[in-house]
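Now for the letters of each chain:
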Amino acid sequence: MDLYTAIHRRRDVRAEFTGEPVPDGTLHRILDAAHAAPSVGYTQPWDFVLVRDGDLRRRFHQHVQRERDVFAATLTGVAAERFARIKIDGVLESTLSIVVTYDESRGGPAVLGRHAIADAGLYSVCLAIQNLWLAATAERLGVGWVSFYREPFLADLLGIPPGVRPVAWLCVGPVTHLESVPDLARHGWRQKRPLAAALHTDRWTTTP
């Protein structure tokens, strides 16, 4: 798949997983793509926890649903009605989840390029996640980033050691299709911001 096609075809998948497994060769390729991401100080501060165990996924899903209820309680009116229609995860529908973590201590204590921007290592992990997502899209797989969770809960659930931060729970697997329009746009939660509205030249400009 052409890179630009993968970028624009990529979706945050929730309801379209088939439940079929990810072939080993395909999984290796998308993890290898993630591991090829650039990183500050060449620290490669990420790790990938492959979660296939059904009990672990069910326990995480129950936690996600509780956090969904917490967020839903903050909404009223039209926003509450819209959110009620939105599916927020595919934890049980996909057979594989990949938890991507960040180890701030890796490459320390002097990480080249991080002395002035403390979050540069975290940004590196996000680049690995994007590589994984685009590679999965090129392989005709779906990826869904679940963000309705508390980090301490996930760290305890998977035995992640102190000092290592879970950054993303990604549901990964074959899909029936990828929607042409992102879910949140389809449900009227938020529409795409035009590129022109995000462009500034030399200095920040405020649009009247």
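Coordinates for the structure precede this section.
Residues numbered from 1 in each chain as written. Predicted model: local features only at pLDDT ≥ 70, side-chain atom pairs only at ≥ 80, totals over all residues. Heavy atoms only, no water.

Another point: the overall build of the protein chain. Secondary structure summary: the protein chain contains seven helices and four strands in total. Counting from the amino terminus, helix and strand elements in the protein chain follow one another as α-α-β-α-α-β-α-β-α-β-α. Here the C-alpha radius of gyration of the protein chain, 18 Å, is about what a compact globule of 208 residues would show, namely 17 Å. Principal-axis analysis of the C-alpha atoms gives the protein chain an extent of 55 × 50 × 40 Å. Every one of the 208 residues in the protein chain was classed for burial, and the buried ones make up 40%. Nonlocal contacts in the protein chain, meaning residues at least 24 apart in sequence, comprise 82% of its contacts between residues at least 6 apart. Here the protein chain carries 24 positive and 23 negative side-chain charges, and the mean point of each set is 5 Å from the other. (Helix = DSSP H or I, 4+ residues; strand = E, 2+ residues; numbered from the N terminus. Rg over C-alpha atoms; globule rule 2.2 N^0.38 Å. Buried < 20%, exposed > 50% of the residue type's maximum accessible area, 1.4 Å probe, protein only. Contact = heavy atoms within 4.5 Å. Lys, Arg positive; Asp, Glu negative; His and termini not counted. Charge placed at Lys NZ, Arg CZ, Asp CG, Glu CD.)

Under the defined criterion, the tally for this structure stands at eleven salt bridges. Here the salt bridges share partners, and the residues they tie into one network are D12, R14, E179, D183 and R186. (Salt bridge = Lys/Arg side-chain N within 4 Å of Asp/Glu carboxyl O.)

Our next topic: the sheet that holds strand β3 (residues 141-146). The four strands are arranged β1-β2-β4-β3 in an open sheet whose pairing can be described as antiparallel. Where the open sheet ends on each side, the last strands, each with one partner, are β1 (46-51) and β3. Taken pair by pair, the neighbouring strands of this sheet meet at an average axis angle of 25°, ignoring direction. As judged from the six bridges shared by β1 and strand β2 (residues 96-103), these two strands associate in the antiparallel manner. Within β2, the position partnered with L50 by the bridge is I98. On top of the sheet, helix α6 (residues 151-158) reaches β1, β2 and β4 (164-174); it is set at about 75° to β4, its chief contact. (Pairing = 2+ DSSP bridges. Axes fitted to C-alpha atoms, helices over the stretch in contact; angles between N-to-C directions.)

The geometry of a pair of packed helices is captured by two quantities: the angle between their axes and the separation between those axes. Running from amino to carboxyl end, helix α3 (residues 54-72) crosses α6 at an angle of 170°, the nearest separation of the two axes being 11 Å. One element, α3, and the other, α6, form an angle in the roughly antiparallel class. Where α3 abuts α6, its residues L56, R59, F60, H63 and R66 lie against F153, L154, L157 and L158. A breakdown of the residues in the contact of α3 with α6 according to their chemical character gives six nonpolar, one polar and two charged. (Parallel < 35°, antiparallel > 145°, perpendicular 65-115°, else oblique. Nonpolar A, V, L, I, M, F, W, Y, C, P; charged D, E, K, R; others polar.)

With the exception of glycine, most residues fall at negative phi, and the peptide bonds are largely trans. For the peptide bond that leads from G108 to P109, omega is 5°, which places it in the cis range. Topologically, P109 is positioned in the loop between β2 and α5 (120-138). At Y42, a position not held by glycine, the phi torsion is positive, near 55°. Relative to the assigned elements, Y42 resides in the loop between α2 (24-35) and β1. Of note in the backbone geometry, D202 takes a positive phi value of approximately 70° without being a glycine. Residue placement: D202 occurs in the segment after α7 (183-186). Residue D202 is classed as exposed on the basis of its relative accessible area, which comes to 82%.

Taken across its six residues, β3 has five buried, putting it largely inside the fold. Bridging between β3 and β4 involves six bridges; their strand directions are antiparallel. From the neighbouring strand, G142 faces β4, where its bridge partner is G173.

The volume enclosed by the largest pocket comes to roughly 360 Å³. What lines the largest pocket is a set of 16 residues, among which H8, R10, R11, V181 and P182 lie closest to the centre. At the level of secondary structure, the elements contributing two or more residues to the lining of the largest pocket comprise α1 (3-9) and α7. Residues that form the lining of the largest pocket fall into these classes: seven nonpolar, one polar and eight charged. Its volume calculated, the second largest pocket comes out at about 190 Å³. Around the second largest pocket, the lining residues are D12, R14, F71, F83, I86, I88, W145, V146, S147, F148, L184 and W189. Taken together, the residues of the lining of the second largest pocket sort by class into nine nonpolar, one polar and two charged. (1 Å grid on protein atoms, 1.4 Å probe; cavity = no way out; pocket = protein on both sides within 12 Å on 5 of 7 lines; lining within 4 Å. Points joined across faces, edges and corners; volume = space filled by probe spheres on them.)

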